[in-house]
Amino acid sequence: MTNTSLNQNLIDFIQASPTPFHATAMLRQLLEKAGYTALDEADHWQLQAGGRYLVTRNDSSLIAFCLEDNDIADSGLRMVGAHTDSPCLHVKPEPDLVNQGYYQLGVELYGGVLLYPWFDRDLSIAGRISYRNRQQRLGNALIDFNEPVAVIPSLAIHLDRDSALTPTFNAQTHLPPLLMQVGDQPEVSFRELLRELARAQHPELNIEAVLDFELSLYDHQPGSLVGLQQDFITSARLDNLLSCYIGARALIDSKGKTNRLLVCSDHEEVGSTSSCGADGTFLKSVLERLCTGPQELARCINRSWLISADNAHGIHPNYADRHDANHGPLLNQGPVIKINANQRYASNSETAGLFRLLCEQAGVPVQSFVVRSDMACGSTIGPITASAIGVRTLDIGVPTFGMHSIRETAGARDTDYLHRALLAFLAYENQALHRPEE
Ligand SMILES: [Zn+2]
């Protein structure tokens with residue numbers, strides 16, 4: 001069944017989350033509304049049994065957890081992981097360009113951007129600025145132009161007949177978006193524009209100067225339910241804000257005696273190696289603080305399970321040959337278990353087996369994906385977290401089309417399937433493995 005309100009809430013969440021900073025702020029808001037208390041990594045934590053907490057790092061990664069009244073070393077944690085970032089165009093530090101009287105911005109690629117859908121879109125710009133205030137202090141703030149302020153027009157087919165069907169792009173010269181015509185007064189400063197916007201959006205901060213920024217372009221058009229029967233969700237950043245949102249909803253809605261945790265990390269699309277990325281210390285540091293010592297931590301990790309939720313490739317009817325014929329996940333047929341013999345995905349038969357068992361009991365269909373043997377496989381935060389923490393891990397995700405496009409397509413019924421699957425997983429109480437003598 002399609003859960004229309006869940007899908008509409010997801011679309012609204014994604015639209016309010018144009019960058020990992022905004023996604024983290026939105027997740028925080030959602031969790032705080034549900035009774036989660038924000039912690040600061042700099043403080044001494046005094047955690048209570050029955051408590052619900054969240055903590056962020058770099059304003060762009062978030063961990064939320066709920067502790068039940070039990071010994072965490074005995075019961076471990078049920079963890080769901082996802083990532084807050086998506087491939088996009090980042091504004092360069094000195095972005096001002098004027099060509100033919102047009103004011104443009106220099107941009108840098110972030111992650112593996114599928115480029116052609118970025119052309120002819122109504123683009124806006126958002127992200128984090130670091131500023132100096134009137135008292136000479138450093139501060140950070142989120143800003144969002146929140147209007148279509150830029151466009152990258154494509155080249156007319158008449159001017160490029162040779163490559164019309166297979167355009168190639170030079171990332172340095174073909175991508176700078178147009179922001180306005182300046183004629184013969186080209187003295188525009190992007191930092192000045194930012195300062196004006198930041199002062200208007202945060203008058204209380206007394207911003208004097210924008211010292212630096214991390215900003216990206218995004219599609220101003222909101223996501224939508226599409227199709228004669230509304231079978232599809234189309235939106236930017238479904239990879240992987242869909243999993244962040246459904247993961248947060250599942251954590252909030254979850255019940256039971258288990259200790260449960262959600263980790264949403266930045267920088268997955270560029271390899272996860274950063275202070276707040278999955279290859280950093282964030283999760284490990286939080287787990288250390290949940291346990292009283294190394295013995296307890298080791299026992300807790302041994303009794304924990306992690307599901308890394310990140311979208312999978314649905315088999316595209318026009319490109320079916322890109323999939324192994326026996327492993328072509330369909331939209332709206334449930335979450336996909338991602339398997340790779342070379343450990344590009346962390347799933348193994350035990351973690352996949354548990355997921356199949358739980359989904360069977362919850363009435364959720366499950367599919368599986370393995371890349372064609374003659375193609376290279378992508379990866380996720382699953383193997384990175386599994387190797388950093390040593391936790392049993394499973395890689396799953398809902399099937400999608402157009403991964404890393406500015407507008408991706410997912411199945412409208414898969415959000416509910418994922419939610420139900422994660423709810424079942426979060427409530428799973430460890431049982432000893434079956435042995436032959438039983
Ligand atoms: Zn992803």
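What counts and how
Residues numbered from 1 in each chain as written. Predicted model: local features only at pLDDT ≥ 70, side-chain atom pairs only at ≥ 80, totals over all residues. Heavy atoms only, no water. Helix = DSSP H or I, 4+ residues; strand = E, 2+ residues; numbered from the N terminus. Rg over C-alpha atoms; globule rule 2.2 N^0.38 Å. Buried < 20%, exposed > 50% of the residue type's maximum accessible area, 1.4 Å probe, protein only. Contact = heavy atoms within 4.5 Å. Areas by Shrake-Rupley, 256 points an atom, 1.4 Å probe, with all protein chains shown as cover. Lys, Arg positive; Asp, Glu negative; His and termini not counted. Charge placed at Lys NZ, Arg CZ, Asp CG, Glu CD. Phe/Tyr/Trp six-rings, centres within 6.5 Å; stacked < 30°, edge-to-face > 60°. Lys NZ or Arg CZ within 6 Å of the ring centre and 35° of its normal. Donors = N, O, S within 2.8 Å, 3.2 Å for Na, K, Ca; no water. Tetrahedral: all angles 85-135°; square planar, octahedral: opposite > 155°, others 65-115°. 1 Å grid on protein atoms, 1.4 Å probe; cavity = no way out; pocket = protein on both sides within 12 Å on 5 of 7 lines; lining within 4 Å. Points joined across faces, edges and corners; volume = space filled by probe spheres on them. Nonpolar A, V, L, I, M, F, W, Y, C, P; charged D, E, K, R; others polar. Expected span 1.5 Å × (residues − 1). Arc of directions from axis to C-beta.

> Sorry if this is basic, but what is going on with the overall build of the chain here?
Summing up its helical and strand segments, the chain has 10 helices and 20 strands in all. Against the globule reference of 22 Å for 438 residues, the chain gives a C-alpha radius of gyration of 23 Å, in line with a compact fold. With the C-alpha coordinates aligned to their principal axes, the bounding extent of the chain is approximately 85 × 60 × 35 Å. Across the 438 residues in the chain, those meeting the buried criterion constitute 51%. Taking the contacts inside the chain whose residues are at least 6 apart along the sequence as the reference set, 77% of them involve residues at least 24 apart. For the chain, the computed accessible surface area is about 20,200 Å², with 49% contributed by carbon and sulfur atoms. One finds the centroid of the 34 positive side-chain charges in the chain at a distance of 4 Å from the centroid of its 51 negative side-chain charges.

> Please clarify how the packing of aromatic side chains should be interpreted in this entry.
Counted by the stated rule, this structure contains 6 aromatic pairs. Aromatic side chains Y53 and F65 sit 5.6 Å apart centroid to centroid with 40° between the ring planes, which places their arrangement in the tilted category. On the criterion of sequence distance, the pair formed by Y53 in strand β2 (residues 52-57) and F65 in strand β3 (residues 61-66) is long-range, its members being 12 residues apart. F65 carries the same exposure label as Y53, and that label is buried. What links up through ring pairs into an aromatic cluster is the set W45, Y53 and F65. Across from the ring centre of W45, 3.8 Å away, lies the NZ or CZ of R289, which sits over that ring. Sitting over the ring of W305, R392 keeps its end group 5.2 Å from the ring centre.

> I'm lost on the coordination of the zinc ion in this one. Help?
Ideal geometry at a metal gives 109.5 degrees between four tetrahedral donors and either 90 or 180 degrees between six octahedral ones. At 2.0 to 2.6 Å from the zinc ion lie its protein donor atoms, namely H83 (NE2), D239 (OD), D310 (OD) and D310 (OD). One can describe the site at the zinc ion as irregular: its 4 donor atoms subtend angles covering 53 to 140° at the metal. In primary sequence terms, the donor set of the zinc ion follows H-x155-D-x70-D. Pair noted here: H83 is in strand β4 (residues 77-83) and D310 is in the loop between β14 (305-309) and β15 (312-313), with a separation of 227 residues, a long-range link. Taking relative accessible area as the criterion, D310 reaches 5% and is therefore assigned buried.

> Whenever I open this one, the layout of surface pockets confuses me. Can you help?
To find the voids left in a structure, one rolls a probe of water-molecule size over its atoms. Considered as a void within the structure, the largest pocket measures approximately 950 Å³ in volume. In terms of lining residues, the largest pocket is bounded by 35 residues, among which H313, T400, F401, G402 and M403 are the most central. Counted by class, the lining of the largest pocket contains 14 nonpolar, 13 polar and 8 charged residues. Counted as a void, the second largest pocket has a volume near 460 Å³. Lining the second largest pocket are 19 residues, with F119, P153, S154, L155 and F169 sitting closest to its centre. Its residues assigned to classes, the lining of the second largest pocket shows 12 nonpolar, 5 polar and 2 charged.

> How should helix α4 (residues 190-201) be read in this particular structure?
Residues spaced three or four apart along an α-helix face the same direction, because each turn holds 3.6 residues. Here α4 contains 12 residues, and its C-alpha end-to-end distance of 16 Å stays within 8% of the 16 Å for a straight helix at 1.5 Å per residue. By the burial criterion, the buried members of α4 are F190, L194, L197 and A198. Across the axial projection of α4, the buried residues extend over an arc of 100°, all falling on one side.

None of the figures reported here should be taken as evidence of function without further support.
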